[in-house]
Amino acid sequence: MDGKINKNSLVLEREDGYQRCILKPVEHITFTNESGGHRGRYIEHCDVEEKKNKGENEAHHAFNLLKKYNATDKIEAILVDNTAKNTGRLNGLHPNLERLLQRPIHLITCMLHINELPLRHLFVELDGKSKTPGKYSGPIGKAIENSVWNDEPVTFKSISVSQDFVNLNSSDKKDLSNDQKLLYAYCLAISSGEVPDDVKGKKPGPVFHARWLTTAIRVMILYTRTNNPSPELMLLTEFIVKSYTFFWFRIRQLDNFTKAPQILHEMVHILNDFPDVVKDIVVPVIKRNSFCLYPDNFLASLLFSTVREHRQKAVDVIIDCRRSPKQPGEKLRNGANFIQTVRTQALPKIDFGAA
């Protein structure tokens, strides 16, 4: 499920025999199939008017869709963004959908979204909050709104990317959009210390808060056009090169929810190389969005690991759980008690020093 809010949707209302058209905030929700040979296939969409209980409201829409396609007994997981209305452990879409289904399902959150959130928070803390969806308030934000790519690159300090950075061939690049190719090109350019001639004048997409990829590109372009960059611009560019861009392509490369705990571990490992000012901003963001470490997701990660010992550990845990189910598991089989027991676990604690 993926949604986008349109704050000025034209809605037809009927009341006391009269009809009128008014502007209201409406969320457009799209449903796709994300498994097997039908992965990415569009199913249908619906419009949901904003209400207080957003998670419960959207869960009913999802449940009705599942009933329509006779899939209430077949659905195994739901893939969503990391917003509170989706992931809230008591009132989010996920627990509400479990209550309607009367059984648990996997919660899979988008790793690209998890990768985007630290950059978003870091940008706000280092440069200031935005005024409107396409306008920034700080010096870096205001500068990237200009056509900085038309300026000639200056001599800038290179920032080395990880040696594990994905190496894209010409065939891989065919599947990328122009902005994604530009993100990759500027990351390599800053790592080498020189912007290639065929990259210099390329224009990135517009600044918009729903597209942080273009903001990342513009920050890197600004860095390559700035003599004596500020400490904030240096730090932001370093984070974009070493973390954001690296993991954007890493996530696309691995492209499976069972790899999410591994990716999160790598994020924490790289984060330890940054100064405390970055850690203080990013660590809380990661803690709030570590849904891939839920026991069922982590167990799936072990079960599909390439390491035999990991797979064996997962099998042993599953067998142990089946032999002696804990009290919550017994309650889950009783529909009357399901509401009290479903998905009430808190996010697991992460030892950032262990990475």
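Residues numbered from 1 in each chain as written. Predicted model: local features only at pLDDT ≥ 70, side-chain atom pairs only at ≥ 80, totals over all residues. Heavy atoms only, no water.

*Asks:* Sorry, what's going on with the overall build of the protein here?
*Replies:* Along the protein, the regular secondary structure elements total 16 helices and 7 strands. Burial analysis of the protein (355 residues in total) assigns 42% to the buried set. For the protein, long-range pairs separated by at least 24 residues make up 63% of all intrachain contacts whose partners lie at least 6 apart in sequence. Of the roughly 19,900 Å² of accessible surface on the protein, a fraction of 50% belongs to carbon and sulfur atoms. (Helix = DSSP H or I, 4+ residues; strand = E, 2+ residues; numbered from the N terminus. Buried < 20%, exposed > 50% of the residue type's maximum accessible area, 1.4 Å probe, protein only. Contact = heavy atoms within 4.5 Å. Areas by Shrake-Rupley, 256 points an atom, 1.4 Å probe, with all protein chains shown as cover.)

*Asks:* What's the story with the side chain of T258 in this structure? I'm lost.
*Replies:* By secondary structure assignment, the location of T258 is in the loop between α10 (231-254) and α11 (260-271). With relative accessibility at 8%, the residue T258 sits in the buried group. Of note is the side chain of T258, whose polar atom sits 2.9 Å from the side chain of N256. For T258, the contacting residues outside a window of four places in its chain are A300, S301 and F304. (Polar contact = N/O pair within 3.5 Å; in protein donor to acceptor, adjacent residues only side chain to side chain.)

*Asks:* For this particular structure, what's the right way to read helix α13 (residues 295-303)?
*Replies:* Because the α-helix completes a turn every 3.6 residues, residues three or four places apart line up on one side. Restricting attention to buried positions, one finds in α13 the residues N297, A300, S301 and L302. Those residues of α13 that are buried lie in contact with β5 (106-109), α11 and α14 (308-323).

*Asks:* What's the story with the packing of aromatic side chains in this structure? I'm lost.
*Replies:* Applying the stated criterion to the full structure yields 10 aromatic pairs. An angle of 70 degrees between the planes, with centres 5.2 Å apart, marks the rings of Y184 and F249 as edge-to-face. With a gap of 65 residues between them, Y184 in helix α7 (residues 178-192) and F249 in helix α10 connect regions that are remote in the sequence. Each of the two residues, Y184 as well as F249, counts as buried. Between F239 and F274 the ring centres are 5.5 Å apart and the planes differ by 55 degrees, which places this aromatic pair in the tilted class. Linking F239 in helix α10 with F274 in the loop between α11 and α12 (276-288), this pair joins segments that are 35 residues apart in sequence. Looking at F239, the relative accessible area reads 3%, which means it is buried. An aromatic cluster is defined as three or more aromatic residues linked by ring pairs; in this entry it consists of F165, Y184, F246, F247, W248 and F249. (Phe/Tyr/Trp six-rings, centres within 6.5 Å; stacked < 30°, edge-to-face > 60°.)

*Asks:* How should I be thinking about the side chain of R250 in this particular structure?
*Replies:* Note on placement: R250 falls in helix α10. Accessibility expressed as a relative area gives 17% for R250, which makes it buried.

*Asks:* Hey, could you run me through the pattern of salt bridges in this one?
*Replies:* Pairing is possible between side chains that carry opposite charge, provided their charged atoms lie close to one another. A full pass over the atoms with the stated rule returns 7 salt bridges. With a closest N to O distance of 2.4 Å, R120 and E116 form a salt bridge. Within this pair, R120 and its partner E116 are both found in helix α4 (residues 111-127), separated by 4 residues, close to a single helical turn. The salt bridge partner of K242 is E238, with a shortest N-O separation of 3.1 Å. With K242 and E238 both in helix α10, this residue pair falls 4 residues apart, about one helical turn. In this structure, a network of salt bridges that share partners links the residues E152, D197 and K200. (Salt bridge = Lys/Arg side-chain N within 4 Å of Asp/Glu carboxyl O.)

*Asks:* Sorry, what's going on with α7 here?
*Replies:* Compared with the 21 Å implied by 1.5 Å per residue over 15 residues, the 21 Å span of α7 between its first and last C-alpha is a close match. Along α7, the positions that sit buried rather than exposed are D179, Q180, L182, L183, Y184, A185, Y186, C187, A189 and I190. At its buried positions, α7 is contacted by α6 (170-173), α8 (197-200), α9 (212-224) and α10. G193 occupies a position one or two residues after α7 and carries a positive phi of about 90 degrees. (Expected span 1.5 Å × (residues − 1).)

*Asks:* Just to check I follow, could you spell out the nonpolar core for this structure?
*Replies:* Among soluble globular proteins, nonpolar side chains are generally buried collectively. L183, L236 and F249 are the most contacted members of the largest nonpolar core, which has 67 residues in total. Looking at this core, the elements that each hand over two or more residues are α4, α5 (139-144), α7, α9, α10, α11 and α12. Broken down by element, the residue count for this core peaks at 12 residues, all from α10. Here F249 is in contact with F165, V166, L168, L176, Q180, L183 and Y184, once residues within four sequence places are set aside. Core analysis: the second largest hydrophobic core is formed by 21 residues, V80, L101, I105 and Y294 among them. (Core = buried A, V, L, I, M, F, W, Y, C linked by side-chain atoms within 4.5 Å.)

*Asks:* Sorry if this is basic, but what is going on with the pairing of strand β4 (residues 77-80) here?
*Replies:* One face of the sheet, then the other: side chains in a regular strand alternate in exactly this way. Only one face of β4 is covered, namely the one carrying I78 and V80; the face carrying A77 and L79 has none of its residues buried. Two strands pair when backbone bridges link them, and β4 and β5 are joined in this way by 4 bridges, in the parallel orientation. Across the sheet, I78 pairs through a bridge with L107, a residue of β5. (Pairing = 2+ DSSP bridges.)

*Asks:* Whenever I open this one, the packing of α4 against α9 confuses me. Can you help?
*Replies:* A pair of packed helices is captured by two measures, namely the crossing angle of their axes and the spacing between those axes. Closest axis-to-axis distance for the α4/α9 pair is 11 Å, and the angle between their directions is 55 degrees. By the angle between their axes, α4 is oblique relative to α9. In the packing of α4 onto α9, the handedness of the crossing is left-handed. Listed contacts from α9 to E116, L119, R120 and F123 of α4 are W212, T215, A216 and V219. Each residue belonging to the contact of α4 with α9 can be placed in one class, and the counts come to 5 nonpolar, 1 polar and 2 charged. (Axes fitted to C-alpha atoms, helices over the stretch in contact; angles between N-to-C directions. Parallel < 35°, antiparallel > 145°, perpendicular 65-115°, else oblique. Left-handed = near helix turned anticlockwise from the far one by under 90°. Nonpolar A, V, L, I, M, F, W, Y, C, P; charged D, E, K, R; others polar.)

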